[in-house]
Amino acid sequence: MVKSHEITDKKWVEVGNLKPALAGQKVLVRGYLQTSRGVGKGVFVLVRSTLYTVQGVAFQNKTVSQGMVKYIAALPVESVVDIEGTVTVPENPVESATQKMVEIQITSFHCVSKAKQALPFLMEDACRPDEKKEADVGAYDENEEVKREDGLVRVGDKNRLDNRWLDLRTPANQSIMRIESMVGCLFRECLLSKGFIELHAPKLIAGSSEGGADVFTLDYFGQPACLAMSPQLHKQMAAACSGFERIFTTGPVFRAENSNTRRHLCEFTGFDLEMAIHEHYDEVMDVFSDLFIHIFDGINERCKAELERVREQHPFEDLKYLRPTLKITYAEGCALLREAGIDQDDYEDLSTENEKKLGDIVKEKYDTDFFFMDKYPLSVRPFYTMPCPENPKLSNSYDFFIRGQEILSGAQRIHEPEFIEERAKAWDIDLSTIEEYVNSFRNGALPHGGGGIGLERVVMLFLGLPNIRKASWFPRDPRRLAP
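To start, this report covers the structure provided alongside it. (Residues numbered from 1 in each chain as written. Predicted model: local features only at pLDDT ≥ 70, side-chain atom pairs only at ≥ 80, totals over all residues. Heavy atoms only, no water.)

**Regarding the overall build of the chain**
Working step 1: The secondary structure content of the chain amounts to 13 helices and 16 strands.
Working step 2: Oriented by its inertia axes, the alpha-carbon framework of the chain measures out at about 90 × 55 × 40 Å.
Working step 3: Every one of the 483 residues in the chain was classed for burial, and the buried ones make up 51%.
Working step 4: Looking at the chain alone, contacts between residues at least 24 apart form 69% of all its contacts between residues at least 6 apart.
Working step 5: With the model as given, the accessible surface of the chain reaches about 23300 Å², and the carbon-plus-sulfur share is 51%.
Working step 6: Between the centroid of the 59 positive side chains of the chain and the centroid of its 74 negative side chains there is a distance of 9 Å. (Helix = DSSP H or I, 4+ residues; strand = E, 2+ residues; numbered from the N terminus. Buried < 20%, exposed > 50% of the residue type's maximum accessible area, 1.4 Å probe, protein only. Contact = heavy atoms within 4.5 Å. Areas by Shrake-Rupley, 256 points an atom, 1.4 Å probe, with all protein chains shown as cover. Lys, Arg positive; Asp, Glu negative; His and termini not counted. Charge placed at Lys NZ, Arg CZ, Asp CG, Glu CD.)

Structure below.
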C-alpha cells in the first residue's frame, strides 16, 4: 500500500514508451495485471496502463524463485502491480500486447493494490471486438441481452454500466474519453483564437431555460427552482446585453425527458457559443464551420493512437467532411427526401428517421458525413428565434449534422424586447416567467446569434458508436442514476 511514507529515486516508465530502443535497459512499470498464465517453471503476464499493454516473463532462475513465480501466477487479475526487469526484443511479435516488439524479463514483482473481489466480467471479454454494427437510433433497453453468433461472451450494457469504473479500463473506453477531452481542448483553442471568452453560466435557475416543461425541479430555500436545461438566456445576456460580444460556455445540461433511446441522456455536456453579428447570421455559421473543421482535424492529427484503439473494438469509417462545410436549406433537404420517395413537408419538423435518411442521401450526393441545414420553419424553433425576413414562415436558424444525426442547433436571436414579447405571446408563454430575460434587452442589445453542441453526441457520431452512453463517463438516463 502506498501511504506517501517516503520519496525514493525510482523512475517509472510509461508502458506506451516501451520500444525496442530500450532493449537491454532495466525498467520499472506500473499497471493493471490483465492476464497471468503459468507455464511449467515460468509465468507470462500482460500488464496494462491506459491504452497500452506489455508482456512480462518470469522463469525460475538465480534471481526469480519458485515462490515468486507461483505468487505472480496466483495474483488476481486487475490487481495493480509494479514490475521491474530488463527490456528484450522477442523473436516474434507479441500479438496480445500493444507493445508487440518488446517484452520485460521480470526480476522484481510487487502488488501495489490487490483486487479483492470477484470481477463482474473479464477484461478479455470486455475488450472483445464488436461482432456486428448495432443501430445508432431507436429505443434502448440496457437489460436487453444480445448473444454473439460466434458463441463468445458478450458483456451486456447493464453489467458494463453497473460497473462503469471497470468498463472504463478497456483501451477503447480509455481512448473514447481521451478523444472527448481533446474535443474540449480544441473547442476552447479555436474559440479563444477568435476572441471568445468563457462564461460559467448558473445551473440553478428560477423557471425553465427555454419556456419548456422538461426540467428537473427543486426547492431553493422555499422558492421553486430547476436545473438549467440550457445556458441560453445567460449567454445571450453576457454576449449581447453585457457587451462581451463573443461568449462560450461548457458544462452540464439537464433534460427531464423520459426518452429511452440510443442518443438521449438526461444529463449531458453542453458546449455553447453566442456572438454579436454585424450584418448577417451567416457570420455565426462561418465560425461554427471553422470550429468543427478545427475539431475534426485536431482529433485526426492528435489522437492517432486513441482512434486505433477505438477502431480495434468498434470498427468505424473515418468521418468525411468538406472545406468549407456543406450548407443546404431546409427546403432543399426536404426536396432531396421527396426525390428519394420519402414524404416530407417543407414546414414540418424532420423525424429522427428522416434525418438519418437525409444524411445517407447527402453522403451519396456530396460525399460528406457533415453538413448544416439553414432556414428551418419558424414553428419548430424556440420563441426567441429571429424570423426570416423573406418568408415569415421560416426562421434564421440552422442545425448541424454528423452521419445523419443532429449535433448542434442554433439561430439568430431576437434582440428587440418588444419583438421578444410578441413572439413569446405567440407561443402562449407567460411573460412574467421571462421578465428578467426580456428586461436585459431594454438597455440596448447587440444583434447576435449562436448555438449549442452536445459533446457526447459529437464524440459518439465522429467515432461511429452505436450508443451515446459509450461517450459518457457515467451516463444519466431515465433509468440510471448510479454509479
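**Considering the nonpolar core**
Working step 1: Leu273, Phe288, Phe292 and Leu463 are the most contacted members of the largest nonpolar core, which has 54 residues in total.
Working step 2: In this structure Phe292 touches Phe370, Phe400, Ile407, Leu408, Ile453 and Val458, once residues within four positions along its chain are discounted.
Working step 3: Of all hydrophobic cores here, the second largest spans 23 residues; its members include Val15, Val27, Leu33 and Met68. (Core = buried A, V, L, I, M, F, W, Y, C linked by side-chain atoms within 4.5 Å.)

**Looking at unusual backbone geometry**
Working step 1: Following Arg323, the chain continues into Pro324 via a peptide bond in cis, with omega recorded as -5°.
Working step 2: Mapped onto the secondary structure, Pro324 falls in the loop between helix H8 (304–313) and strand E12 (326–329).
Working step 3: Of note, the amide linkage connecting Ala482 to Pro483 takes the cis form, showing an omega dihedral of 0°.
Working step 4: Summarising the element assignment, Pro483 is placed in the segment after helix H13 (455–462).
Working step 5: At Asp367, a residue that is not glycine, the phi angle is positive and equals roughly 60°.
Working step 6: Relative to the helices and strands, Asp367 resides in the loop between helix H10 (352–366) and strand E13 (370–374).
Working step 7: Given the relative accessible area of 41%, Asp367 is considered partly exposed.

**Here we look at the packing of helix H5 (residues 171–193) against H13**
Working step 1: Running from N to C, H5 and H13 point in directions that differ by 120°, and their axes come no closer than 10 Å. Taken together, the axes of H5 and H13 are oblique relative to one another. For the element pair H5 and H13, the recorded crossing hand is right-handed. Facing H5, whose interface residues are Ile176, Glu180 and Val183, H13 presents Leu455, Glu456 and Val459. (Axes fitted to C-alpha atoms, helices over the stretch in contact; angles between N-to-C directions. Parallel < 35°, antiparallel > 145°, perpendicular 65-115°, else oblique. Left-handed = near helix turned anticlockwise from the far one by under 90°.)

**Some remarks on a nonpolar patch on the surface**
Working step 1: On the surface, Leu204, Tyr220 and Phe221 cluster together into a nonpolar patch covering about 360 Å² of accessible area.
Working step 2: Judged by relative accessible area, which is 75%, Phe221 ranks as exposed. (Patch = residues over 30% accessible without salt bridge, like charges linked within 9 Å, V, L, I, M, F, W, Y side chains within 5 Å. Salt bridge = Lys/Arg side-chain N within 4 Å of Asp/Glu carboxyl O.)

**Here we look at the sheet that holds strand E3 (residues 52–59)**
Working step 1: The strand order E1-E2-E3-E5-E4 describes a closed barrel built from 5 strands, whose pairing is mixed. This sheet shows a mean twist of 50° between the axes of neighbouring strands, independent of strand direction.
Working step 2: Against the sheet, helix H1 (residues 66–74) touches strand E1 (26–39), strand E2 (42–49), E3 and strand E5 (103–113), its axis set at about 65° to E5. (Pairing = 2+ DSSP bridges.)

**Observations concerning helix H6 (residues 232–241)**
Working step 1: By the criterion of burial, H6 is predominantly enclosed, with 7 of the 10 residues buried.
Working step 2: The complete set of buried residues in H6 reads Gln232, Leu233, Lys235, Gln236, Ala238, Ala239 and Ala240.

**Observations regarding the packing of H5 against helix H7 (residues 282–302)**
For any two helices packed against each other, the geometry comes down to the angle between their axes and how far apart the axes lie.
Working step 1: Relative orientation of the contacting elements H5 and H7 amounts to 135°, with a least axis distance of 9 Å. In terms of orientation, H5 and H7 fall into the oblique class. For the pair H5 and H7, the sense of crossing is right-handed. Between H5 and H7, the residues in contact are Ile179, Met182, Val183, Leu186, Phe187, Glu189, Cys190 and Leu191 and Val287, Asp290, Leu291, His294, Ile295, Gly298, Ile299 and Arg302, respectively.

**Points about the pattern of salt bridges**
Working step 1: One pass over the full model with this rule turns up 38 salt bridges.
Working step 2: A cluster of three or more residues bridged by salt bridges with shared partners is formed by Glu134, Arg154, Asp157 and Arg262.

**Description of the environment of Asp430**
Working step 1: With respect to the helices, strands and loops of the structure, Asp430 is situated in the loop between helix H11 (417–426) and helix H12 (435–439).
Working step 2: Overall, the relative accessible area of 47% leaves Asp430 in the partly exposed class.
Working step 3: Side-chain polar atoms of Asp430 contact the side chain of Ser432, separated by 2.9 Å. (Polar contact = N/O pair within 3.5 Å; in protein donor to acceptor, adjacent residues only side chain to side chain.)

**What about the environment of Lys19?**
Working step 1: Considering the arrangement of structural elements, one finds Lys19 in the segment before E1.
Working step 2: Taking the C-alpha atoms as reference points, Lys19 and Val102, 83 residues apart in sequence, are found 6.1 Å from one another.
Working step 3: Once you skip the residues sitting within four places of it in the chain, Lys19 turns out to touch Val87 and Val102.

**Regarding the packing of aromatic side chains**
Working step 1: Summed over the entire model, instances satisfying the criterion amount to 22 aromatic pairs.
Working step 2: A ring pair is formed by Phe370 and Phe400, whose centres lie 5.9 Å apart and whose planes are at 40°; its orientation type is tilted. Taken together, the residues span a long stretch of sequence, with Phe370 in strand E13 and Phe400 in strand E14 (residues 397–402) at a distance of 30 residues. Just as Phe370 is buried, Phe400 falls in that class too.
Working step 3: A network of ring pairs unites the aromatic residues Tyr281, Phe288, Phe292, Phe296, Tyr321, Phe370, Phe372, Tyr398, Phe400 and Phe462 as a single cluster.
Working step 4: If you follow Arg381 out to its NZ or CZ, it ends over the ring of Tyr376, 4.5 Å from the centre. (Phe/Tyr/Trp six-rings, centres within 6.5 Å; stacked < 30°, edge-to-face > 60°. Lys NZ or Arg CZ within 6 Å of the ring centre and 35° of its normal.)

**Points about the sheet that holds strand E16 (residues 448–454)**
Working step 1: The mixed open sheet is built from 8 strands, whose spatial order is E6-E10-E11-E16-E15-E14-E13-E12. Here the strands that pair on one side only, and so sit at the sheet edges, are strand E6 (197–198) and E12.
Working step 2: Across the sheet, H6 lies against strand E10 (246–254), strand E11 (267–276), strand E15 (405–413) and E16, angled at about 25° from E11, the strand it touches most.
Working step 3: H10 contacts E12, E13, E14 and E15 of the sheet and is inclined by roughly 115° relative to E13.

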